[in-house]
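# Coordinate inspection notes
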Amino acid sequence: MSAYQVESFGTTPEGVEVELYTLTNAGEVEVRITNYGGIITHLRVPDRDGELADVVLGYDSLSAYLEDSPYLGAIVGRYGNRIGAGRFLLDGVEYKLATNNGDNHLHGGLKGFDKVVWGAEPYSGDGETGLRLTYVSADGEEGYPGRLTATVTYILTNENELVIEYSAETDKPTVVNLTHHSYFNLAGHDAGDILGHELALAASRFTPVDAGLIPTGELRHLAGSPMDFRTSTPIGSRIEDPDEQLEFGGGYDHNFVLDDHDGSLRIAARVYEPGSGRVMEVYTTEPAIQFYSGNFLDGSNVGKDDAPYEHRSGFCLETQHFPDSPNQPHFPSTVLRPGERYESTTIYKFSIQ
Ligand code: BGC
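Residues numbered from 1 in each chain as written. Predicted model: local features only at pLDDT ≥ 70, side-chain atom pairs only at ≥ 80, totals over all residues. Heavy atoms only, no water.

### Concerning the site of the ligand
Near the ligand lie 13 residues; those nearest to it are R82, H107, H181, D253 and E318. Between H107 and the ligand, the recorded distance is 2.9 Å, taken from a side-chain N or O atom to an oxygen atom. Note that an oxygen atom of the ligand is positioned 2.9 Å from one of the side-chain N or O atoms of Y183. Contact with the protein chains removes 94% of the 310 Å² of surface that the ligand exposes when unbound. (Near = heavy atom within 4 Å. Polar contact = N/O pair within 3.5 Å; in protein donor to acceptor, adjacent residues only side chain to side chain. Areas by Shrake-Rupley, 256 points an atom, 1.4 Å probe, with all protein chains shown as cover.)

### Things to note about the nonpolar core
Formed by 57 residues in total, the largest nonpolar core has its most connected members in L43, M280, F291 and L317. In terms of residue count, the dominant contributor to this core is strand 13 (residues 148-156) (five residues). The contacts of M280, once residues within four sequence positions are left out, are F184, L186, A269, R270, V271, F315, L317, Y348, K349 and F350. Membership of the second largest hydrophobic core comes to 17 residues, among which are Y183, Y292, A307 and C316. (Core = buried A, V, L, I, M, F, W, Y, C linked by side-chain atoms within 4.5 Å. Buried < 20%, exposed > 50% of the residue type's maximum accessible area, 1.4 Å probe, protein only. Helix = DSSP H or I, 4+ residues; strand = E, 2+ residues; numbered from the N terminus. Contact = heavy atoms within 4.5 Å.)

### Some words on the side chain of T233
As for its position among the elements, T233 is in strand 20 (residues 233-234). At 2.7 Å, the side chain of T233 forms a polar contact with the backbone oxygen of T231. Excluding its chain neighbours within four sequence positions, the residues that come into contact with T233 are H197, E198, L199, D228 and R238.

### A word on the environment of V176
Here V176 is to be found in the loop between strand 15 (174-175) and strand 16 (179-181). Taking the relative accessible area as the measure of exposure, V176 reaches 2% and is therefore buried. Taking the C-alpha atoms as reference points, V176 and V29, separated by 147 residues in sequence, lie 31 Å from one another. Setting aside residues up to four positions removed in sequence, V176 forms contacts with R78, Y79, L148, T334, L336 and Y342.

### Some details on the environment of V31
Note that V31 resides in strand 3 (residues 30-34). Residue class for V31 comes out buried when judged on its relative accessible area of 0%. When the C-alpha positions of V31 and Y21 are compared, they lie 8.2 Å apart, and in sequence the two are ten residues distant. Sequence-distant contacts of V31, that is, excluding residues within four places in its chain, are made with Y21, T22, L23, I40, H42, L43, L156 and L162.

### So, the sheet that holds strand 18 (residues 203-207)
Strands sit in the order 19-18-21-24-25 across an open sheet of five strands; the sheet is antiparallel. Single-partner strands in this sheet number two, and they are strand 19 (220-221) and strand 25 (316-320). As paired elements, strand 18 and strand 19 share two bridges and run antiparallel to each other. Each bridged residue has a counterpart across the sheet, and for R205 the counterpart in strand 19 is H221. (Pairing = 2+ DSSP bridges.)

### So, the pattern of salt bridges
In total, this model carries 15 salt bridges according to the counting rule given. Among the salt bridges present, the one from E94 reaches R87, with a minimum N-O distance of 3.6 Å. Exposure remark for E94: the relative accessible area of 40% places this residue in the partly exposed category. Judged by its relative accessible area of 35%, R87 falls in the partly exposed class. The partner of R341 in a salt bridge is E169, and the shortest N-O contact between them spans 2.9 Å. Here E169 lies in strand 14 (residues 161-170) and R341 lies in the loop between strand 26 (335-336) and strand 27 (342-352), a separation of 172 residues in the sequence. Overlapping salt bridges, with partners in common, bring together E30, R32 and R44 in one network. (Salt bridge = Lys/Arg side-chain N within 4 Å of Asp/Glu carboxyl O.)

### So, the side chain of N301
Among the structural elements, N301 can be located in the loop between strand 24 (288-292) and strand 25. Of note is the side chain of N301, whose polar atom sits 3.0 Å from the side chain of Y59. Once residues lying within four places of it in the same chain are set aside, the contact partners of N301 are Y59, D68, P70, A307, P308 and Y309.

### Brief notes about the environment of G143
Locating G143 in the fold gives a position in the loop between strand 12 (129-137) and strand 13. G143 gets classed as partly exposed once you look at its relative accessible area, which sits at 21%. For the pair G143 and P46, spaced 97 residues apart in sequence, the C-alpha separation works out to 43 Å. In this view, G143 contacts Y95, K96 and L97; residues no more than four positions away in its chain are not counted.

Set out below in structure tokens:
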């Protein structure tokens, strides 16, 4: 039986009560989500022997998320990843955004969608259980034009899929790029580095970056480079190769352009963890995926069960439009206008091999 439960997760410094929701499916998969930042705090999935492990990095308490979180498990918005120099032109008007990553704007700014309390209501589909989150971002918030109403629905299916449906509407032209920032470790959130995980990406090109991790504008073929994950390859096998792109990212922190993108739901990534046999597939309607190998983790964030999250102890696969698209007219557009509806779906599907 699928189930849905709610409990208190504490109170923000502004006195807003925050909840923790637990969704369970018929196959014992359990996901916990808080409406603070829409954060997935726990995700328990079976290994090849049926043993459950929690495969996402996270904290035990709301206060730990409030204090310092590298976007662990969060919804990222209004714009996922970087906008160069924190500015862009739209219809001839320049907008200046909050800068929170050197001179650049990262993941929605100082107080992005990962740091706000979302409205929450249960969602129930076809024997499935879910949570619908809503947030209204004011006109001018973090520098963005337009009042944006965003909805994110998490659905846990009995096929061990975590479905994430995003939608948004605006009252003035704006830019939108919503994504999800779980750090996965399929051996368990406290199992050490992710370098032995085998990754395949449905991408023949990526968008190279400069030293500030802003795309140069090029769409580069990745054949023959350490970026080539067209066939399944351990994450760690080339991560220390001498390569300018890996140096800039301190490892993998790149936007992979998905092949044959047509807006339909397609497989973007597959990850296999040999020790446990766990497999995660990522399907998306988005044109790209950011593969981030947890390079900025350094043990200073102490997670659930007192696990120190060391260098590369989790990886992110963030489905998205390309970073800095508002400044790169040849990238797929991220502009949303009044009367239009932004819609995007991503599925993280768990199985064993
Ligand atoms: C970005 C990294 C960034 C990290 C923040 C990732 O999505 O690509 O550059 O440091 O998020 O935790």
